[in-house]
Amino acid sequence: MIIMEVFIMVSFLARIFIKDYKNTGSPQVRQAYGMLCGSVGIGLNILLFIGKFIAGILSGSIAITADAVNNLSDAGSSFITLIGFKMAGQKPDSQHPFGHGRIEYLSGLFVSAAVLLMAFELVKTSIEKIIHPEAVECSPLILVILAASILVKCYMAYYNKSLGKKLDSAVMNATAADSFSDMVSTFFVFLVTVASLFTDFNLDGWCGILVGLFIFYTGITAMKETVDPLLGQPPAKELVQQIMDIVNSHPSVLGIHDLLVHDYGPGNLIISLHAEVSAKGDILKIHDEIDNIERELKQRLNCTATIHMDPVVTDNDFSNQMRDKVSQLLKELDPELKMHDFRMVTGPSHTNLIFDVVVPYNCPLSPDEVEKILCEKIRKLPGNFYGVICIDQDYGTR
C-alpha cells in the first residue's frame, strides 16, 4: 500500500510539473525527471533518517543507528543527483561545445563513492560493536519503523531503476543500486532486531559487517556503470542496430562500416560512419540522399551524424571474384575478421588489392600478424597480386 501510494504520488507530480512527460528522449524532460526524483529522494530519505534514528536511540542498536545515518547520506546523494541533472541540462557554450551531459556520469560517480564510504564506516562501527557488545532492545514501534523503511526503499529502488532504464541514466541506476542496498541492509537489521527477542547472542555487529560488505559490492557495481561511459565504452547493440536499419533502408546505400559513436552524455550522441555507394551513381543525387539520412538519424535518435561516402565498384566481375577470394582468406584466418573498401589498382608489373580489415579484440592474431599472413596468402594467389591493407580498430558493441 505504501509503495503504491508513493508511486502514484511521483507519477502524479511528474504529470503536473513535467511538460511532455512521456517524451523521455528529450533532454529537457530527462532533466525534469532527474530533478523531481532527486527532490522526492531527499524528502523520503530525511523522513527515514528521523524515524530510524529515533528507533536506534530507543533500541540501542548500532545497526539501526548506522542505517539511519546511511539514509542521511542518501539524502545527500539525492541532492547530488538533483544538482547533477540541473548542470547536465545546461546548453553548450564556447568552453564546452559538446554540452555538459557527462556531468550526469560524474554525479553517479559521486553517489557511488558515497555508498562505498558508508559501507566502510558501517563495517568499522560493526567491528567495534563486536568487540564491545551492547544489548539490543526491540519494540513494536521499532519494528514498524523498520518495516516501513524496507517498503519505501523497495519502491525507490524499483522506481529509480525503471526510470534509469527509460532515460538511459547512469546516475539513476547508481541511485537505484543505493536504494536496493539500503533495502537489503534494513531487512537484515529487521531480522537481527527480531532475533534479539529469542537469543542472548549479540548479532548486531555481525549483521552490520555483512550489510557493509553487501553495500560495498553494490557501490563497486554502480561505480563501474558510471566510469565506463566516461572512459568510452562501446555503443549498445540496440543503438547500433537502429543506426544500421535507418541507414541501410535507403536504396543508394550498399553497406556501412567504420561506425563510431561518441557519447557526450545521455541524449547527446555524435555519430560518424562510412556508407558504401555505387561508383557509377549520380554523385549529386547520392549526396542529397546522404544528407537526408543524416537528418533522419538526428530526428529519430536525437544525435548529430556525419556520413562519409565510399564509392565501390559493383559491376566488375574480375574485381568481385578477387574480393570473394580475399574474403575466403579472411575466414580461414578468423571468421570474425571483416573487410571493406575493396578495390583493385592494376599497374604494368602487378596489381594491388587495396582494402581495410577490422580486427576484433578477441582475435587470436595481432593486427600485425593478420596483415603479414594475409599479404603472404595474397602473393600466393594466381597472378601477380600485392595486398595493401589498412587495419581498422573494432569499436564493437556492448
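None of the values given here were measured: they were computed from a predicted structure.

Focus on the overall build of the protein chain
Looking only at helices and strands, the protein chain has 11 helices and 6 strands in total. Across the 398 residues in the protein chain, those meeting the buried criterion constitute 44%. For the protein chain, restricting intrachain contacts to residue pairs at least 6 apart in sequence, the fraction spanning at least 24 positions comes to 67%. Surface exposure of the protein chain reaches about 21,100 Å², of which carbon and sulfur atoms provide 63%.

A look at the sheet that holds strand S3 (residues 303-312)
The strand order across the open sheet formed by 3 strands is S1-S2-S3, and the pairing between neighbours is mixed. Every other strand in the sheet has two partners, leaving strand S1 (255-263) and S3 as the edge strands with one partner each. This sheet shows a mean twist of 15° between the axes of neighbouring strands, independent of strand direction. Examined bridge by bridge, S1 and strand S2 (residues 269-278) share 7 bridges and lie antiparallel to one another. Among the inter-strand pairings, Leu260 is bridged to a residue of S2, identified as Ser272. The sheet strands contacting helix H8 (residues 237-248) are S1 and S2, and the helix crosses S1 at an angle near 135°.

Considering the environment of Glu294
Here Glu294 is to be found in helix H9 (residues 283-301). With 13 residues separating them along the chain, Glu294 and Ile307 place their C-alpha atoms 7.1 Å apart. Residues in contact with Glu294, not counting those within four places in the same chain, are Ala305, Thr306 and Ile307.

Focus on the environment of Ala174
Position of Ala174 relative to the elements: it lies in helix H6 (residues 170-195). Once the C-alpha coordinates of Ala174 and Ala157 are considered, the two residues, 17 residues apart in sequence, prove to be 9.8 Å apart. Residues in contact with Ala174, not counting those within four places in the same chain, are Gly108, Val111, Ser112, Ala222 and Thr226.

Quick word on the nonpolar core
Residues Ile243, Ile271, Leu273 and Leu297 are the most contacted members of the largest nonpolar core, which totals 21 residues. Within the residue set of this core, elements represented by two or more residues are H8, S1, S2, H9 and S3. In contact with Ile271, other than residues within four places in its own chain, are Ile243, Leu259, Leu260, Val261, Cys303, Thr304, Ala305 and Thr306. One finds Met339, Leu374, Leu381 and Ile389 within the second-largest nonpolar core, a separate group that totals 19 residues.

Quick notes on the sheet that holds strand S5 (residues 351-359)
An order of S4-S5-S6 is seen for the 3 strands of this open sheet, with the pairing classed as mixed. The sheet is open, and its two borders are formed by strand S4 (338-346) and strand S6 (385-393), each paired with just one other strand. In this sheet, adjacent strand axes meet at a mean angle of 15° when their direction is disregarded. As judged from the 9 bridges shared by S5 and S6, these two strands associate in the parallel manner. Bridged to Asn352 within S6 is Tyr386. Packing against the sheet, helix H10 (residues 317-333) makes contact with S4, S5 and S6, and its axis sits at approximately 135° to S4. Sheet strands touched by helix H11 (residues 367-379): S5 and S6. Its angle to S6, the strand with the most contacts, is close to 160°.

What to know about the confidence of the model for the protein chain
Looking at the protein chain as a whole, its pLDDT mean stands at 80, while 89% of the residues score no less than 70. Helix H1 (residues 2-17) is the least confidently modelled element of the protein chain, averaging 56 in pLDDT, while H9 averages 92, the highest of any element. Under a pLDDT of 50 for its full length, residues 1-7 has, in the predicted model, 11 contacts with residues more than four places off or in other chains.

Some remarks on the side chain of Ser319
Within the element layout of this structure, Ser319 appears in helix H10. Ignoring sequence-local partners within four residues, the contact set of Ser319 consists of Phe342 and Met344.

Some words on a nonpolar patch on the surface
Taken together, the side chains of Ile46, Ile50, Ile54, Leu58 and Leu141 present a nonpolar region at the surface, about 440 Å² in accessible area. Ranked by residue count, the leading element in the nonpolar patch is helix H2 (residues 27-59), at 4 residues. Topologically, Leu141 is positioned in helix H5 (residues 140-167). In this structure Leu141 comes out as partly exposed when scored by relative accessible area, which is 49%.

Cut-offs and rules
Residues numbered from 1 in each chain as written. Predicted model: local features only at pLDDT ≥ 70, side-chain atom pairs only at ≥ 80, totals over all residues. Heavy atoms only, no water. Helix = DSSP H or I, 4+ residues; strand = E, 2+ residues; numbered from the N terminus. Buried < 20%, exposed > 50% of the residue type's maximum accessible area, 1.4 Å probe, protein only. Contact = heavy atoms within 4.5 Å. Areas by Shrake-Rupley, 256 points an atom, 1.4 Å probe, with all protein chains shown as cover. Pairing = 2+ DSSP bridges. Axes fitted to C-alpha atoms, helices over the stretch in contact; angles between N-to-C directions. Core = buried A, V, L, I, M, F, W, Y, C linked by side-chain atoms within 4.5 Å. pLDDT = per-residue confidence, 0-100. Patch = residues over 30% accessible without salt bridge, like charges linked within 9 Å, V, L, I, M, F, W, Y side chains within 5 Å. Salt bridge = Lys/Arg side-chain N within 4 Å of Asp/Glu carboxyl O.

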